[in-house]
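Below are the chains, spelled out letter by letter.
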Amino acid sequence: MAAITLAHLRRHAVARSLFAPTTLPKAIDRLGFVQADPIRSPTRAQDLTLRHRVQGYRVGDLERRYPKLAIEEDFFVNYGFVTPELHALMHPRSALREWPAERWAQAEAVWHFVHARGEAHPREVDEHFAHGHTTNGFGGRSKASTQLLDAMHYRGLLRVARRDNGIRLYTAHQPQTAPDDVPATLDRLVDVLVNKYAPLPQPGLRQLVAMLQHAVPQWKGLLRAALQRATQRLPNAELDGVRWFWPEGEDPAARRWKVEERVRLLAPFDPVVWDRGRFERLWGWAYRFEAYTPPAKRVRGYYALPLLWRDEVIGWGNLSVVGGRLQADIGHVNGQAPKDQEFRQALDAELADMAACLGVNSP
């Protein structure tokens, strides 16, 4: 293996994640996990992520096709869509807070109600049981039935059958048996993370493995050992005092990693830019997600999308749809766009592709 450089790592990060567009099932299988987010600016993060990796992807394809796809809505290191294989690795899942007997009795009654109906809307559960209201995690009031359904879904007692105007409809699900070899299961979960976000600097790997406590809280105490095994078994190299890791069988310096002459506007949670520490190491500037930042303190915008040109993230774009036409406000790290004509043409092509995905007119 040749000596690893920052240029190798940049090319590896971009080329391995932005693979040739394929079918929706194959893209999800290759990613393992697609993070979801409800903000639409100009559309949701899952659509923005998949549009680069699925041939002819159009906004909402994932939600429309979900009932017939071999995928599950579930919590991994974040909430999103996972393959059946990944879903199976995380269950049966307990929770950090144990339920009292009364809560288990409620859950059992709801499970039988949902099972009898085949598919249930939260409204139907609430009307039948009249659980009342409770305080949610944001300090507001939520229907107690909604919180119970969320908790049952998290524990694997229910699965999401489909969505109706964005609302999750549930079916009953039988919990699985626990795996015989927990350390091996944790290693497989770590491998899903590395496959999704490699090449990973050691701080990023440490952060992601720690976040598995939300995916498998029942094994929280075993995560440190899983991280230790990962640092010993995964291929790695040190660069400028930081150790980087990637999947077995890959070489970041190999010529196979080819970057296209393209501009891409990436979702804030796209695997190419998800790790903010890695982002700064690879591209030399700090990108922050500012949707929840007070407007007066925003630097780049409410939902600024990192702008990738070849294998360099050189700016960002804030997109909106006005009067059926895509509007794009593009900013650049060094204050100005590249002067070559190839960049201008590539940016126009990316905006046209985005407009087609959204079903609106190009700028």
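Per-chain numbering applies: the sequence of each chain, read as written, is numbered from 1 onward. Given that this is a predicted model, residues contribute local features only at a pLDDT of at least 70 and side-chain atom pairs are listed and counted only at 80 or more, while totals for whole chains, interfaces and linings are drawn from all residues. Excluded from the side-chain calculation are hydrogens and water; included are all heavy atoms of the structure.

1. Here's the deal with the overall build of the chain
Runs of H or I in DSSP of at least four residues are treated as helices and runs of E of at least two as strands, each being numbered from the N terminus. Looking only at helices and strands, the chain features 13 helices and 14 strands. Since a compact globule built from 363 residues should have a radius of gyration of about 21 Å, the 22 Å found for the chain is in line with a globular shape. Expressed along its principal axes, the backbone C-alpha trace of the chain runs to roughly 65 × 55 × 40 Å. Each residue gets one of three labels from its accessible area relative to the maximum for its type: buried under 20%, exposed over 50%, partly exposed in between, using a 1.4 Å probe on protein chains only. When burial is assessed residue by residue, the chain has 51% of its 363 residues classed as buried. Based on C-alpha atoms, the radius of gyration is set beside the globule rule, defined as 2.2 Å times the residue count to the power 0.38.

2. Re the pairing of strand β9 (residues 236-239)
Every second residue of β9 is oriented toward a common face, the buried set being Ala237 and Leu239 and the non-buried set Asn236 and Glu238. Taking the residues that link successive antiparallel strands as the turn, the β9-strand β10 (residues 242-245) hairpin has two residues, and the phi of Asp240 there is positive, at about 50 degrees. Should DSSP find at least two bridges between two strands, the strands are regarded as paired.

3. Remarks on the nonpolar core
Counting 77 residues, the largest nonpolar core has Phe76, Leu86, Leu189 and Leu212 as the members making the most contacts within it. Considering every element that reaches this core, the biggest residue donor is helix α9 (residues 182-197), with eight residues. Residues are treated as being in contact if the distance between any of their heavy atoms lies within 4.5 Å. Setting aside chain neighbours within four positions, we find Phe76 in contact with Phe33, Val82, Leu86, Met90, Leu189, Val192, Leu193, Met211, Leu212, His214 and Ala215. For our purposes a nonpolar core is just a set of buried Ala, Val, Leu, Ile, Met, Phe, Trp, Tyr and Cys residues, chained together by side-chain atoms within 4.5 Å. Of all hydrophobic cores here, the second largest spans 32 residues; its members include Ala27, Val34, Phe81 and Tyr170.

4. Section: the packing of aromatic side chains
Any two rings among Phe, Tyr and Trp, with Trp reduced to its six-membered ring, count as a pair given centres within 6.5 Å; such a pair is stacked if its planes are under 30 degrees apart, edge-to-face if over 60, and tilted if neither. For the structure shown, the criterion picks out 14 aromatic pairs. Between the aromatic rings of Phe289 and Tyr292, the centroid separation amounts to 6.0 Å while the plane-to-plane angle is 75 degrees, which identifies the pairing as edge-to-face. When its relative accessible area of 65% is taken as the criterion, Tyr292 is described as exposed. Clustering of aromatic rings is evident, with ring pairs tying together Phe269, Phe289, Tyr292, Tyr302 and Tyr303.

5. Looking at the side chain of Gln35
Note that Gln35 resides in strand β1 (residues 33-35). Residue class for Gln35 comes out buried when judged on its relative accessible area of 8%. Throughout this description, a polar contact denotes any pair of N or O atoms lying within 3.5 Å of each other; where both atoms belong to protein, one of them has to be capable of donating a hydrogen while the other can accept it, and for residues adjacent in sequence the pair is counted only when both atoms sit in side chains. Among the polar contacts made by the side chain of Gln35, one reaches the side chain of Trp274 at a distance of 3.2 Å.

6. Side note on the sheet that holds strand β2 (residues 72-75)
The strand order across the open sheet formed by three strands is β1-β3-β2, and the pairing between neighbours is antiparallel. The sheet is open, and its two borders are formed by β1 and β2, each paired with just one other strand. Here the average twist between neighbouring strands, direction ignored, is 35 degrees. Bridge count between β1 and strand β3 (residues 79-82): three bridges; the pairing is antiparallel. Note that in β3 the partner of Val34 across the bridge is Phe81. Note on geometry: axes are C-alpha line fits, over the in-contact stretch for helices, and angles between N-to-C directions span 0 to 180 degrees.

7. Topic: the side chain of Asp187
Assignment of secondary structure puts Asp187 in helix α9. Of note is the side chain of Asp187, whose polar atom sits 2.9 Å from the side chain of Arg229. For Asp187, the residues in contact, after removing those within four places along its chain, are Ala226, Arg229 and Arg233.

8. Here we look at the packing of helix α6 (residues 101-117) against helix α8 (residues 144-155)
Contact geometry for α6 and α8: axes closest at 11 Å, N-to-C directions at 85 degrees. Classified by the angle their axes make, α6 and α8 are roughly perpendicular. Of α8, the residues touching α6 (which contributes Arg103, Trp104, Gln106, Ala107, Val110 and Trp111) are Ala144, Gln147, Leu148, Leu149, Met152 and Arg155. The scheme is simple: roughly parallel for angles under 35 degrees, roughly antiparallel for over 145, roughly perpendicular for 65 to 115, oblique for anything else.

9. Some words on the environment of His112
Here His112 shows up in helix α6. The spacing of His112 and Ala172 is 60 residues in sequence and 7.8 Å in space, taken between C-alpha atoms.

10. With respect to the pattern of salt bridges
By convention in these notes, a salt bridge is any Lys or Arg side-chain nitrogen within 4 Å of a carboxyl oxygen on Asp or Glu. Inspection of every chain in the model, using the stated rule, returns 22 salt bridges. Here Arg233 makes a salt bridge to Asp191, at a shortest N to O gap of 2.9 Å. Separated by 42 residues along the polypeptide, Arg233 in helix α11 (residues 223-233) and Asp191 in helix α9 bring together distant segments of the chain. Judged by relative accessible area, Asp191 falls into the partly exposed class, the value being 34%. Residue Asp348 is joined to Arg344 by a salt bridge in which the shortest nitrogen-to-oxygen separation is 2.7 Å. Pair noted here: Asp348 and Arg344 are both in helix α13 (residues 341-358), with a separation of four residues, about one helical turn.

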